[in-house]
Amino acid sequence: AYKAKISAPNYVWIFVGWYTPDWYLSTSGTNCTSTQMKEALDGHFTLDFIQLRSDYSAMTLTGRTVRKVIDDYRNMFEESTDKPLNETFSLYQAYGYDAVLAIAQMLDRVAAENWPVDSLMQSSYGDLKSKLELAVNSSSFEFEGLTGRVAIATSRSIDIEIRYVRTIEPDPWPPVVFRYNAENQSISPLFQPIHWTTADGSKPLDAPQNQTEYLDQGIFIATTTIASVGIVLAVVMLVFNEYNRDKRVMKLSSPRLNTLIAIGAVAVYLGVICMGLDGTFYPISSTSLAFCYMHVILLTIGFTLTFGSMFVKTWRVNVVMKRSRMGRSNFKLVSN
């Protein structure tokens, strides 16, 4: 990924979170150095099971809150080992605690069925397993534990925490930036700062983005000025052509086609002006779409009238020259 340039800062990788903290430093089986691995994976996300529910005031099956369970466990651990205990539970401690509660809950269900305990202890594994399954499946089996709501007979997804990991400046405890709640299927931000590794500090694009670009105002003013001058000249030529169309010289130049050429020129210049009206000088609305259609229509009509008339004039001259060599002439063809 590093040598293919599919790495930070332009790409963000997502991994499972149960790897060892420095797993990327092992370069066995790769052709990259540890430094290259750090650069490629800097600023990646990890997804892992939530090790401990975030609501410390929630009441567990034992009648104690999550905070009370943590305090009791810490006191018991420190009294027996004379060593401080980090408040953050590991994955195995919290899930182990809930597993013991689940077993105790199943045994309570078995006892409720009036099965003698001695007979349970002397039962074979298959017989005991079938009795426990019957007790669990007899009704909904769920309770509140350290990891959240524990359910066995019903299907339940596991809550997930999303961490943001920096490899160039590693943090021994990468911050949890998002938390996925499986019960209501929602992702909630935890408002932890994310320092993106891009050049400007902005988050990388994860989908195509729509970006509106406008024509430079200086270019628009210059082109509009030139187009306006062209419109004025075309109108002057149109008036001059209509005023002198009865003169022989003007008749020889095909005044009707001259009129079409002038009108086409005006349409082309108006299309240029409409092309520059992209929302810079007014709010973008349905009017912008109208201008987009208008400039295409004007350019199409103007180009057709202007160059079409020029081609017709060339064709007429060709016809006149051929007929004059043959000793024939058609004054109407020349004058119109």
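That block above? That's the structure.
Residues numbered from 1 in each chain as written. Predicted model: local features only at pLDDT ≥ 70, side-chain atom pairs only at ≥ 80, totals over all residues. Heavy atoms only, no water.

**Overview of the overall build of the protein**
And step 1. Helix and strand counts for the protein stand at 10 helices and seven strands.
And step 2. When each of the 336 residues of the protein is scored for burial, the buried share is 28%.
And step 3. Taking contacts inside the protein between residues at least 6 apart in sequence as the whole, the part at least 24 apart equals 61%.
And step 4. In the form shown here, the protein has an accessible surface area of approximately 22,400 Å², with 62% of it arising from carbon and sulfur atoms. (Helix = DSSP H or I, 4+ residues; strand = E, 2+ residues; numbered from the N terminus. Buried < 20%, exposed > 50% of the residue type's maximum accessible area, 1.4 Å probe, protein only. Contact = heavy atoms within 4.5 Å. Areas by Shrake-Rupley, 256 points an atom, 1.4 Å probe, with all protein chains shown as cover.)

**What about the pattern of salt bridges?**
And step 1. For the structure shown, the criterion picks out three salt bridges.
And step 2. Residues R64 and D72 are paired through a salt bridge, measuring 2.7 Å at the closest nitrogen-oxygen approach.
And step 3. Look at the salt bridges and you will find they share partners, linking R64, K68 and D72 into a network. (Salt bridge = Lys/Arg side-chain N within 4 Å of Asp/Glu carboxyl O.)

**Re the sheet that holds strand 5 (residues 160-165)**
Neighbouring strands of a sheet are bound in pairs by backbone hydrogen bonds; such pairs are parallel or else antiparallel.
And step 1. Taken together, the five strands give an open sheet; going across it, the order is 1-2-5-6-7, and neighbouring strands pair in mixed fashion. Bordering the open sheet on either side are strand 1 (14-16) and strand 7 (186-189), each of which pairs with just one other strand. Between one strand axis and the next, the sheet turns through 25 degrees on average, direction left out of account.
And step 2. As paired strands, strand 2 (residues 44-49) and strand 5 are joined by six bridges and run antiparallel to one another. Residue F49 lies in a different strand from strand 5, and its bridge partner there is I160. (Pairing = 2+ DSSP bridges. Axes fitted to C-alpha atoms, helices over the stretch in contact; angles between N-to-C directions.)

**Concerning the nonpolar core**
And step 1. Core analysis: the biggest nonpolar cluster contains seven residues, these being L52, A58, V66, V69, I70, A94 and L146.
And step 2. Ranked by residues supplied to this core, first place goes to helix 2 (residues 66-81) with three residues.
And step 3. Ranked by size, the runner-up nonpolar core spans five residues in total, among them F15, Y24, M37 and L41. (Core = buried A, V, L, I, M, F, W, Y, C linked by side-chain atoms within 4.5 Å.)

**Things to note about the pairing of strand 5**
And step 1. Judged by how many residues are buried, strand 5 sits mostly within the fold: five of six residues are covered.
And step 2. Relative to strand 6 (residues 176-181), strand 5 is paired through four bridges, and the arrangement is antiparallel. Counted as the bridge partner of I160 is Y180 from strand 6.

**Digging into helix 6 (residues 217-243)**
Since the α-helix advances by 3.6 residues per turn, residues separated by three or four positions end up pointing in the same direction.
And step 1. With 27 residues, helix 6 ought to run about 39 Å at 1.5 Å a step, and its terminal C-alpha atoms sit 39 Å apart, in line with that.
And step 2. Considered for burial, the residues of helix 6 that qualify are F220, T224, A227, G230, I231, A234 and N241.
And step 3. Of the surrounding elements, those touching the buried residues of helix 6 are helix 7 (248-252) and helix 8 (255-276). (Expected span 1.5 Å × (residues − 1).)

**Some points on the side chain of T259**
And step 1. With respect to the helices and strands, the residue T259 is situated in helix 8.
And step 2. By relative accessible area, T259 is classed as buried at 14%.
And step 3. Of note is the side chain of T259, whose polar atom sits 2.7 Å from the side chain of E242.
And step 4. Not counting residues within four places of it along the chain, the set of residues in contact with T259 comprises L238, N241 and E242. (Polar contact = N/O pair within 3.5 Å; in protein donor to acceptor, adjacent residues only side chain to side chain.)

**Some points on the pairing of strand 2**
And step 1. As paired elements, strand 1 and strand 2 share three bridges and run parallel to each other. If you follow F15 over to strand 2, its bridge partner there is T46.
And step 2. Of the crossover connections in this fold, the one passing from strand 1 over helix 1 (residues 34-41) to the parallel strand 2 is right-handed. (Right-handed = clockwise from strand over helix to strand, strands pointing away.)

**Digging into the environment of N241**
And step 1. Inspection of the secondary structure assignment puts N241 in helix 6.
And step 2. A sequence separation of 10 residues divides N241 from K251, and the C-alpha atoms of the two residues are 9.8 Å apart.
And step 3. Beyond its immediate sequence surroundings of up to four residues, N241 is in contact with M250, P255, N258 and T259.
And step 4. Of the polar contacts made by the side chain of N241, one reaches the side chain of N258; its length is 3.2 Å.

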